[in-house]
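Chains, contacts and geometry: an overview
Listed here are the chains, written in short residue letters.
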Amino acid sequence: MQTIDFVVFAVFTLGVVFFGCSFFRKGGSAEEFAHAGRSLPGWVVGMSIFATYVSSISYIGYPGKAFATNWNAFVFSLSIPVAAYFAARYFVPFYRFGGSVSAYAFLEDKFGRWARLYASACYLLTQIARMGSILYLLAMPMHILMGWDMVAVIIATSVLVIVYSMLGGLKAVIWADAIQGIILIGGALLCLGILLFSMPEGPLQTFQLAIDASEGNKFSLGSFGACLTESTFWVCLVYGIFINLQNYGIDQNYVQRYHTAKSLRAARFSVLFGGYLFIPVSALFFLIGTALYSYYAAGVAPLPADIQAHPDYVFPYFIVSSLPVGLRGLLIASIFAAGMSTISTSVTSAATVILTDYCKPKSGTSGLFILRFSSVAVGILGALTAIAMLGVKSIVDAWWTLSGIFSGGMLGLFLLGILRRRVGRRAALAGCLAGIAVIAWISLSGLLDLPGPHLHEYLAIVLGTTTLFFIGFFTALLTKQNNN
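The rules behind each value
Residues numbered from 1 in each chain as written. Predicted model: local features only at pLDDT ≥ 70, side-chain atom pairs only at ≥ 80, totals over all residues. Heavy atoms only, no water. pLDDT = per-residue confidence, 0-100. Helix = DSSP H or I, 4+ residues; strand = E, 2+ residues; numbered from the N terminus. Core = buried A, V, L, I, M, F, W, Y, C linked by side-chain atoms within 4.5 Å. Buried < 20%, exposed > 50% of the residue type's maximum accessible area, 1.4 Å probe, protein only. Contact = heavy atoms within 4.5 Å. Salt bridge = Lys/Arg side-chain N within 4 Å of Asp/Glu carboxyl O. Phe/Tyr/Trp six-rings, centres within 6.5 Å; stacked < 30°, edge-to-face > 60°. Patch = residues over 30% accessible without salt bridge, like charges linked within 9 Å, V, L, I, M, F, W, Y side chains within 5 Å. Areas by Shrake-Rupley, 256 points an atom, 1.4 Å probe, with all protein chains shown as cover. Axes fitted to C-alpha atoms, helices over the stretch in contact; angles between N-to-C directions. Parallel < 35°, antiparallel > 145°, perpendicular 65-115°, else oblique. Left-handed = near helix turned anticlockwise from the far one by under 90°. Nonpolar A, V, L, I, M, F, W, Y, C, P; charged D, E, K, R; others polar. Lys, Arg positive; Asp, Glu negative; His and termini not counted. Disulfide = S-S within 2.5 Å.

1. Section: the confidence of the model for the protein
Low pLDDT marks regions whose predicted coordinates should not be analysed in detail. In this model, the protein carries an average pLDDT of 82, and 89% of its residues clear a pLDDT of 70 or more. By mean pLDDT, helix α2 (residues 30-35) is the weakest element of the protein at 66, and helix α10 (residues 204-211) is the strongest at 93.

Below, the structure is given as structure tokens:
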């Protein structure tokens, strides 16, 4: 990278940090930190929801996935309209009128303290895994570009994000997310344009080479067969529906944003705007991966074998080896925009969960101290997870697998909570234990070569959720337990 690339990258990254810190108020409160005073416009909250979706997992992982295989993982995005509709119609008013900023407070009312702690613990584990995945993908391009030590980059990035998240609270995070979302879209569009118009025979050659690839059509959405051991179209679609319903329905990242919008109408708009915007943008990232395949297949530039063996490295390598001076800095800055926005979201939401679900401060001042201390603690755990992930072949596969395991059937417990008149506490606990057992079986059967069917890891959340719900529901019917 040339000096101008460093300048572009440094100005943007440090600018976001200082912008976030500008929201710091000495006399702030825990309530202001957690839900921004319910004063934000719908489009800003929507851009924040979108930026939460688009992380470095999308910016680097999706192109790497499309380069190595096809568009099968894009099916996940096609499930978003289902979840966004239910969220706007049911989840947003449910939480805004519920009173607590915590997504898990109502579970305690329905099933007892154990349910709230179980769901919040699953959420915290999921966010730490997500932060680790994203920090890893932020460090990787800097390692490829400049040979910097990945551990050092992970630590430095964590410190920057923690600083403005801890000082500025959720309002700083959401406004920074909105700006970062615009930058990351612009950087991705610019990169795609360069790829398409660099082809020797013009942009159409990109599509011709991708369709006629020796390993199969690169635009394929996957097999439409009924196999449950592979990542087919149907496995990805069902996985996406369950994950996105869980995101909108019981994920603190999203629920907390419902409280920040200035009105119910603005909150509903933010959900639809943020979710639907992710669909074309995720397609943009997959198209970049496909274009990278055609770019190197056409011989426009050489691709070292060690880079080709790690698909997640291909996009960063293209940036450093093929983009002109100045644009390299912009693209790296946009990758950091994608990652920093999601990490900051995870930090503030996880800190809020720790305060509301595990601590009971005696005053607003002590609550604010807990929020800031928790932000630092969660950030450190995320950095340690990223360091542990060094060497992972596909970060998309790793993240989707971990999120399915750690989610632990939270959506099933949420659905049982809505049916509170028919499902009691002991029935819910029975369903929860059964769901955990199913998730553990699917997750460990292949790894430990256990007897029985070895299902795809993506189905862990699907079968875990349905098992939890039906076991809890039918246990209540059989035992006639009602709220006891």
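On we go from here.
2. A look at the nonpolar core
Formed by 144 residues in total, the largest nonpolar core has its most connected members in Tyr248, Tyr258 and Tyr296. Once you skip the residues sitting within four places of it in the chain, Tyr296 turns out to touch Phe67, Ala301, Pro302, Leu303, Val314, Tyr317, Phe318, Ser321 and Ser322.

3. Quick notes on the pattern of salt bridges
With the rule as written, the count across this model stands at 4 salt bridges. Its salt-bridge partner being Arg328, residue Asp5 comes within 3.4 Å of it at the nearest N-O pair. Taken together, the residues span a long stretch of sequence, with Asp5 in helix α1 (residues 3-21) and Arg328 in helix α16 (residues 327-358) at a distance of 323 residues. A relative accessible area of 0% places Asp5 in the buried class. A relative accessible area of 10% places Arg328 in the buried class. Between Asp357 and Arg116 there is a salt bridge whose closest N-O contact spans 2.7 Å. One end of the pair, Asp357, is in helix α16; the other, Arg116, is in helix α8 (residues 113-146), with 241 residues separating them in the sequence. Each of the two residues, Asp357 as well as Arg116, counts as buried.

4. Thoughts on the packing of aromatic side chains
Here the structure, examined in full by the defined rule, presents 33 aromatic pairs. Summarising the aromatic geometry, the rings of Phe470 and Phe474 are spaced 6.2 Å apart at their centres and angled 20° between planes, so their arrangement reads as stacked. Here Phe474 and Phe470 lie together in helix α21 (residues 459-479), a separation of 4 residues that amounts to about one turn. By relative accessible area, Phe470 is classed as partly exposed at 44%. For Phe474, a relative accessible area of 43% corresponds to the partly exposed category. Cluster of aromatic residues (ring-pair linked, three or more members): Tyr62, Trp71, Phe74, Phe207, Phe219 and Phe286.

5. Some details on a nonpolar patch on the surface
Taken together, the side chains of Val82, Tyr85, Phe86, Tyr90 and Tyr276 make up a nonpolar region of the molecular surface, amounting to roughly 470 Å² of accessible area. Top element by residues in the nonpolar patch is helix α6 (residues 80-96). It accounts for 4 residues.

6. Points about the packing of helix α13 (residues 264-297) against helix α15 (residues 311-322)
In the contact formed by α13 and α15, the axes pass within 11 Å of each other and the chain directions differ by 60°. On the basis of their axis angle, the class for α13 and α15 is oblique. Crossing angle aside, the handedness with which α13 passes α15 is left-handed. Of the residues in α15, those touching α13 at Ile288, Leu292, Tyr295 and Tyr296 are Val314, Phe315, Tyr317, Phe318, Ser321 and Ser322. Residues of the contact of α13 with α15, tallied by class, amount to 8 nonpolar, 2 polar and no charged.

7. What to know about the side chain of Asp251
Assignment of secondary structure puts Asp251 in the loop between α11 (233-250) and α12 (252-258). There is no salt bridge for the buried Asp251, and the closest opposite charge comes from Arg130, which lies 5.4 Å off by N-O distance.

8. Regarding the state of the cysteines
All chains considered together, the criterion is met by 0 disulfides. Cys432 forms no disulfide, and the closest cysteine sulfur to it belongs to Cys122, at a distance of 7.2 Å. The class of Cys432 is buried, set by a relative accessible area of 2%.

9. Topic: the packing of α10 against α13
Their axes nearest at 8 Å, the elements α10 and α13 cross at an angle of 85°. Relative to α13, the element α10 is oriented roughly perpendicular. Residues Gln205, Thr206, Phe207, Leu209 and Ala210 of α10 form the contact with α13, whose own contacting residues are Leu287, Thr290, Ala291, Tyr293 and Ser294.

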